[in-house]
Amino acid sequence: MAAAAKQAPLALAARMGEAVGRSGIPGEAPLAIRGLTVAYGEHPAVFSIDATFAPEAMTAIIGPNGAGKSTLLKAALGVVPRLSGDVAVFGRPIEQARARVAYVPQRASVDWDFPTTVIDVVLMGLYRQVGLLGRMRGEHLARARDCLDQVGMADFADRQIGQLSGGQQQRVFLARALAQDADLYLLDEPFAGVDAATERAIIDVLKDLKARSKAIVAVHHDLATVASYFDHVFLINVRRIAEGTVEDAFTAENLNATYGGRLAATHLDQLGGARPVA
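Keep in mind that this is a model prediction, so the values were computed, not measured.

Asker: Is there a simple way to explain the layout of surface pockets in this structure?
Answerer: With a probe scaled to a water molecule rolled over the atoms, the places where space remains empty come into view. What the largest pocket holds in volume is close to 260 Å³. Lining the largest pocket are Leu-77, Val-79, Arg-98, Val-101, Ala-102, Tyr-103, Met-124, Gly-125, Tyr-127, Arg-128, Arg-176 and Gln-180. Looking at the lining of the largest pocket, the elements that each hand over two or more residues are β6 (101–104) and α4 (127–130). The leading source of residues in the lining of the largest pocket is β6, at three residues.

Asker: So what exactly am I meant to see when it comes to the nonpolar core here?
Answerer: The nonpolar side chains of a soluble globular protein tend to be buried, and buried together. One finds Ile-62, Leu-148, Val-172, Tyr-185, Leu-206 and Val-233 to be the most contacted residues of the largest nonpolar core, which totals 50 residues. Ignoring sequence-local partners within four residues, the contact set of Val-233 consists of Thr-59, Ala-60, Ile-62, Val-226, Ala-242, Glu-243, Gly-244, Thr-245, Val-246, Ala-249 and Phe-250. The next biggest cluster of nonpolar side chains, apart from the first, holds 28 residues, and it includes Val-87, Tyr-103, Leu-186 and Ala-215.

Asker: Explain the packing of aromatic side chains to me, please; I cannot follow it from the model alone.
Answerer: What describes a pair of aromatic rings is the distance from one ring centre to the other and the angle between the planes of the rings. Per the counting criterion, the structure on display carries three aromatic pairs. For the pair Phe-53 and Phe-234, a centre-to-centre distance of 5.7 Å together with 50° between the ring planes defines the contact as tilted. Of this pair, Phe-53 sits in strand β2 (residues 43–53) while Phe-234 is found in strand β9 (residues 232–237), placing the two residues 181 residues apart along the sequence. Across this residue pair, the class does not change: Phe-53 and Phe-234 are buried. On the basis of an interplanar angle of 55° and a centroid distance of 5.5 Å, the ring pair of Phe-191 and Tyr-229 is categorised as tilted. With Phe-191 in the loop between β7 (184–188) and α7 (196–211) and Tyr-229 in helix α8 (residues 226–229), the pair connects residues that are 38 residues apart, well separated along the chain. Tyr-229 matches Phe-191 in its accessibility class, with the two residues each being buried. Through a chain of ring-to-ring contacts, the aromatic side chains of Phe-191, Tyr-229 and Phe-230 assemble into a single cluster. Note that Arg-100 overlies the ring of Phe-90, its terminal NZ or CZ placed 3.9 Å from the centroid.

Asker: For this particular structure, what's the right way to read helix α2 (residues 69–77)?
Answerer: Spacing of three or four residues puts side chains on the same side of an α-helix, whose turn is 3.6 residues. By the criterion of burial, α2 is predominantly enclosed, with eight of the nine residues buried. After α2 finishes, the residue Gly-78 shows a positive phi value of roughly 90°.

Asker: What is the right way to read the pattern of salt bridges from this model?
Answerer: If you walk through the whole model with that rule in mind, you get seven salt bridges. Of the charged contacts in the structure, one is a salt bridge between Arg-100 and Asp-183, with a shortest N-O distance of 2.9 Å. Separated by 83 residues along the polypeptide, Arg-100 in the loop between β5 (92–93) and β6 and Asp-183 in the loop between α6 (166–179) and β7 bring together distant segments of the chain. Of the residues examined, Asp-183 reaches a relative accessible area of 24% and is grouped as partly exposed. Between Lys-214 and Asp-181 there is a salt bridge, with the nearest N and O atoms lying 3.8 Å from each other. Here Lys-214 is found in the loop between α7 and β8 (215–219), whereas its partner Asp-181 is found in the loop between α6 and β7, with 33 residues between them in sequence. Taking relative accessible area as the criterion, Lys-214 reaches 10% and is therefore assigned buried.

Asker: In this structure, what is going on with the sheet that holds β8? I would like to understand it.
Answerer: As a general point, the strands of a sheet are linked pairwise by backbone hydrogen bonds and lie either parallel or antiparallel. With mixed pairing, the six strands of this open sheet are ordered in space as β6-β7-β8-β3-β9-β10. Across the chains shown, the open sheet's two edge strands, defined by having one partner strand only, are β6 and β10 (239–245). The sheet shows a mean angle of 15° between the axes of neighbouring strands, taken without regard to direction. Taken together, the four bridges between strand β3 (residues 58–62) and β9 define a ladder with parallel strand orientation. Bridge pairing in β9 links Thr-59 to His-232. The strands that α7 touches are β3, β7 and β8; relative to β3, the one it contacts most, it runs at about 125°.

Asker: Explanation requested: α7 in the structure shown.
Answerer: Between its first and last C-alpha atoms α7 spans 23 Å; for 16 residues at 1.5 Å apiece the expected length is 22 Å, and the two agree. Among all positions in α7, only Thr-198, Glu-199, Ala-201, Ile-202, Ile-203, Val-205, Leu-206 and Leu-209 are buried. Against β3, α5 (138–150), α6, β7, β8 and α8 lie the buried residues of α7. The residue sitting at the N-terminus of α7 and contributing the capping side-chain oxygen is Asp-195; that oxygen lies 3.1 Å from the backbone nitrogen of Ala-197. Just downstream of α7, Ser-213 is the residue with a positive phi angle, here 70°.

Cut-off values and rules
- Residues numbered from 1 in each chain as written.
- Predicted model: local features only at pLDDT ≥ 70, side-chain atom pairs only at ≥ 80, totals over all residues.
- Heavy atoms only, no water.
- 1 Å grid on protein atoms, 1.4 Å probe; cavity = no way out; pocket = protein on both sides within 12 Å on 5 of 7 lines; lining within 4 Å.
- Points joined across faces, edges and corners; volume = space filled by probe spheres on them.
- Helix = DSSP H or I, 4+ residues; strand = E, 2+ residues; numbered from the N terminus.
- Core = buried A, V, L, I, M, F, W, Y, C linked by side-chain atoms within 4.5 Å.
- Buried < 20%, exposed > 50% of the residue type's maximum accessible area, 1.4 Å probe, protein only.
- Contact = heavy atoms within 4.5 Å.
- Phe/Tyr/Trp six-rings, centres within 6.5 Å; stacked < 30°, edge-to-face > 60°.
- Lys NZ or Arg CZ within 6 Å of the ring centre and 35° of its normal.
- Salt bridge = Lys/Arg side-chain N within 4 Å of Asp/Glu carboxyl O.
- Pairing = 2+ DSSP bridges.
- Axes fitted to C-alpha atoms, helices over the stretch in contact; angles between N-to-C directions.
- Expected span 1.5 Å × (residues − 1).
- Polar contact = N/O pair within 3.5 Å; in protein donor to acceptor, adjacent residues only side chain to side chain.

Structure representation (structure tokens):
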């Protein structure tokens, strides 16, 4: 009986996700999520999430550790299974629109001991165009080198990936995403553990993508840079807390709700982009 009671909220979320998923997803949204629930055992990692991410904009997914930020992205992509919910990319089920999506995973989740070179990693971003058994041609190699140049890594093309610093590895994975020439870029903590020069290089590339009418959604942990880096925010703590423009949604009230009141007032004062409670 107790086990059934614990499962009841998850079962309810699954039913809600099935009902919501059949309608209400805007066709123009680069990424729209309805009724998304993911559970590990009996514990929901994200619960009945609705989210609509803006076109031609940079959106930060914000929340404390364990809030479900990375799980939300992985479940949207199908990397982890969804208990319920629907995901659409530009109005189509994501299963039909994967070619329009590029994903940069957390650097910590990658096996950097795998024996491959920098240029080979970037060429992986072209597999959808070439096919797994297709032959890479001169134009593909030129495209990969151009992407490395955009992130300042052209001189490292023949280096083993495991010999790079953390910041350099992150640049290479961004170059791989650029090679896909996607319309939607999903990044899981792209600035985690990188040096200041790499952070500036990455944000410059992302802003250039936005200027080219691409949409960027990134899991982000540094609240102090949200207002200067991003246009929109999505605040999550297992459930959706708030979403909208930085001006409207990145408020002290929403941050306190997201972090459970654990943000000290002095820390909130340092967040120049966080609008105070009215």
